[in-house]
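Each chain, letter by letter, is given below.
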Amino acid sequence: MSARSVAVAVIDDMPVYEVAIACEVFGMVQAVPAGPPSYDVRLCAARPGRTRTESGLVVHTAHGLDGLTHADTVIVPAVPHACLDSGLEFPPGLIDAVRRAHAGGARVVSFCSGAFVLAAAGLLDGRRATTHWLHADTLAERHPRVRVDASVLYVDEGDVLTSAGRSAALDLCLHLVRSDLGAHVANQVARRMVVPAHRPGGQSQYIDLSVPEAGDDGLGPVLQWACAHLDRPLTVDELAGQARMSPRTFARRFHATTGTTPLRWLLGQRLMCAQALLERTDLPIDQVGERSGLGSAANLRRHFGRGVGVTPTDYRRAFRGGEPPQDSAD
């Protein structure tokens, strides 16, 4: 399989939504202009051939479960409701295949109730993990060694990642693309799918509106305006003025819509801007800080280390290769 092989475990009667998300996001990479080589996405089942989903759609699964053990990334989407409601056992060999894949160095990912498979394989013992909030108590009860966090969209534990239900799987897939290929490619995939480029994993599952509806409260145009002026020292008062609201009303509506505060949202957007500049330009670190609105080179390094986990120079080197020309200060 390729250097970026993705194997998706497909089970009879499982919901099709999360399976489709994995295929769509990782398959969309090949459509990015001048982008990197596409992922090799393979669907794997206990009995290769035709796998019927919960909705009645039939998915062609060309590979057996041994395909999981040879992949770089293994994804377990939501499992059939019967596996949770009536204790129906998982397909023979699935748990062992997931366990072997992880032992062989694969990155193992679950969407929604797929976390129950990872927990049964022992991969979540002692780890923080999430699942759909409806199933969180059941997961904690059946697997007490798992530190279940039902309040977040997804949890990245490095080699094991879990997401909450439904659209949170999309957020986690974009997070994986961003980690593998950089912010520019992830943003292009998100743009083609007409979804937000980034919702952080720590955002609450319970937010009703993750994307502002056109004309609902004026926030959509304000967010677009802010993204176009990240190099300016934006304040809540200025953003509220753009939205024609009082600062208090703006902050309240902003949190209800995005699940975070205006300043935290701005920091996230500036970090993504800095990532794109590091990937796509040869600008010195201090200019990257200025253009992204993060200020001085020292301030950029501090926020980048906290938010991304590496220095700007290391990030640029990872996504562009070689020594960057003007970043020796890092």
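Residues numbered from 1 in each chain as written. Predicted model: local features only at pLDDT ≥ 70, side-chain atom pairs only at ≥ 80, totals over all residues. Heavy atoms only, no water.

Asks: Mind laying out unusual backbone geometry, listing which residues take part and the relevant values?
Replies: Unlike most non-glycine residues, Asp-13 shows phi in positive territory, near 70°. Examined against the element boundaries, Asp-13 turns out to sit in the loop between β1 (5-9) and α1 (17-28). With relative accessibility at 44%, the residue Asp-13 sits in the partly exposed group. The phi angle at Arg-244 is positive, at roughly 60°, despite the residue not being glycine. Considering the arrangement of structural elements, one finds Arg-244 in the loop between α9 (236-243) and α10 (247-258). (Helix = DSSP H or I, 4+ residues; strand = E, 2+ residues; numbered from the N terminus. Buried < 20%, exposed > 50% of the residue type's maximum accessible area, 1.4 Å probe, protein only.)

Asks: Quick rundown of the sheet that holds strand β2 (residues 40-44)? Include the residues and the values.
Replies: Read from one edge of the open sheet, six strands run β2-β1-β5-β6-β10-β9, paired in mixed fashion. Both outer strands of the open sheet, β2 and β9 (154-156), are each paired with one neighbouring strand and no more. Put simply, the sheet's adjacent strands are angled 15° from each other on average, direction ignored. The pairing of β9 with strand β10 (residues 160-163) spans three bridges and is antiparallel. From the neighbouring strand, Tyr-154 faces β10, where its bridge partner is Ser-163. Relative to the sheet, α1 contacts β1, β2 and β5 (73-76), its axis offset from that of β2 by approximately 160°. (Pairing = 2+ DSSP bridges. Axes fitted to C-alpha atoms, helices over the stretch in contact; angles between N-to-C directions. Contact = heavy atoms within 4.5 Å.)

Asks: Give me the pattern of salt bridges: which residues, what numbers.
Replies: Two side chains that carry opposite charge are able to pair once their charged atoms sit near each other. Throughout the structure, instances matching the rule amount to nine salt bridges. A salt bridge links Asp-96 to Arg-99; the shortest N-O distance between them is 2.9 Å. A residue pair is termed a helical-turn pair when its members lie 3 or 4 positions apart in one helix, as Asp-96 and Arg-99 do in helix α3 (residues 94-103) at three residues. Arg-99 sits in the partly exposed class, given a relative accessible area of 35%. Among the salt bridges present, the one from Asp-314 reaches Arg-317, with a minimum N-O distance of 2.8 Å. Here Arg-317 and Asp-314 lie together in helix α14 (residues 312-320), a separation of three residues that amounts to about one turn. On the basis of relative accessibility, which here comes to 37%, the residue Asp-314 falls in the partly exposed class. (Salt bridge = Lys/Arg side-chain N within 4 Å of Asp/Glu carboxyl O.)

Asks: Just give me the short version of the side chain of Ser-110, but keep the residues and values in it.
Replies: With respect to the secondary-structure elements, Ser-110 resides in strand β6 (residues 107-110). Excluding residues that lie within four positions of it along the chain, Ser-110 makes contacts with Val-76, Ala-115, Leu-118, Leu-161, Thr-162, Ser-163 and Leu-172.

Asks: I'd like to hear about the packing of aromatic side chains, residue by residue, with values.
Replies: The geometry of an aromatic ring pair is captured by the separation of the ring centres together with the interplanar angle, meaning the angle of the planes. One pass over the full model with this rule turns up four aromatic pairs. Ring centres 5.6 Å apart and planes at 50° place the aromatic pair Phe-250 and Phe-254 in the tilted group. Here Phe-250 and its partner Phe-254 are both found in helix α10, four residues apart, which amounts to about one turn of the helix. An angle of 75° between the planes, with centres 5.8 Å apart, marks the rings of Phe-254 and Trp-265 as edge-to-face. Within this pair, whereas Phe-254 is found in helix α10, its partner Trp-265 is found in helix α11 (residues 262-280), the two being separated by eleven residues in sequence. Each of the two residues, Phe-254 as well as Trp-265, counts as buried. Aromatic rings pair up to connect Phe-250, Phe-254 and Trp-265 into one cluster. (Phe/Tyr/Trp six-rings, centres within 6.5 Å; stacked < 30°, edge-to-face > 60°.)

Asks: Now, about the confidence of the model for the chain: what can you tell me, with residues and values included?
Replies: For the chain, per-residue confidence averages 85 on the pLDDT scale, and residues scoring 70 or more make up 87% of the total. Low pLDDT, under 50, characterises residues 206-216; the stretch is placed with 20 contacts to residues that sit more than four places away or in other chains. Below a pLDDT of 50 lies the segment residues 322-330, which in the model reaches 19 contacts outside its immediate sequence neighbourhood of four places, other chains included. (pLDDT = per-residue confidence, 0-100.)

Asks: Summarise α11; cite the residues concerned and give the values.
Replies: Its 19 residues give α11 an end-to-end C-alpha distance of 27 Å, which sits within 8% of 27 Å, the value for a rise of 1.5 Å per residue. Along α11, the residues classified as buried are Pro-262, Trp-265, Leu-266, Gln-269, Arg-270, Leu-271, Met-272, Ala-274, Gln-275, Leu-277, Leu-278 and Glu-279. (Expected span 1.5 Å × (residues − 1).)

Asks: Now, about the side chain of Glu-279: what can you tell me, with residues and values included?
Replies: Mapped onto the elements of the fold, Glu-279 is located in helix α11. Buried Glu-279, no salt bridge; nearest opposite-charge side chain is Arg-280, N-O distance 6.3 Å. Reaching out from Glu-279, the side chain makes a polar contact with the side chain of Tyr-315 at a distance of 2.4 Å. (Lys, Arg positive; Asp, Glu negative; His and termini not counted. Polar contact = N/O pair within 3.5 Å; in protein donor to acceptor, adjacent residues only side chain to side chain.)

Asks: Would you mind going over the packing of helix α12 (residues 285-292) against helix α13 (residues 297-307) in detail, with residue names and values included?
Replies: The geometry of α12 relative to α13 is characterised by a closest axis approach of 8 Å and an angle of 75° between their N-to-C directions. One way to sum up the angle between α12 and α13 is to call them roughly perpendicular. Between α12, through Ile-285, Asp-286, Val-288 and Gly-289, and α13, the contact on the second element is made entirely by Ala-297, Leu-300 and Arg-301. Along the lines of polarity and charge, the residues of the contact of α12 with α13 split into four nonpolar, one polar and two charged. (Parallel < 35°, antiparallel > 145°, perpendicular 65-115°, else oblique. Nonpolar A, V, L, I, M, F, W, Y, C, P; charged D, E, K, R; others polar.)

Asks: Summarise α13; cite the residues concerned and give the values.
Replies: Taken together, the buried positions of α13 are Ala-297, Asn-299, Leu-300, His-303 and Phe-304. Each buried residue of α13 lies within a common arc of 155° when the element is viewed along its axis, so the set occupies one face. Just downstream of α13, Gly-309 is the residue with a positive phi angle, here 95°. (Arc of directions from axis to C-beta.)

Asks: With reference to specific residues and values, describe the nonpolar core.
Replies: With 66 residues, the main nonpolar core has Phe-26, Leu-68, Leu-94, Val-98 and Val-177 as its most contacted residues. Here this core gets nine residues from one element, more than from any other, and that element is helix α6 (residues 167-181). Aside from chain neighbours lying at most four places away, what touches Val-98 is Leu-68, Val-76, Val-108, Val-117, Ala-121 and Leu-123. Core analysis: the next-biggest nonpolar cluster, separate from the first, contains 15 residues, Val-222, Ala-226, Leu-239 and Met-245 among them. (Core = buried A, V, L, I, M, F, W, Y, C linked by side-chain atoms within 4.5 Å.)

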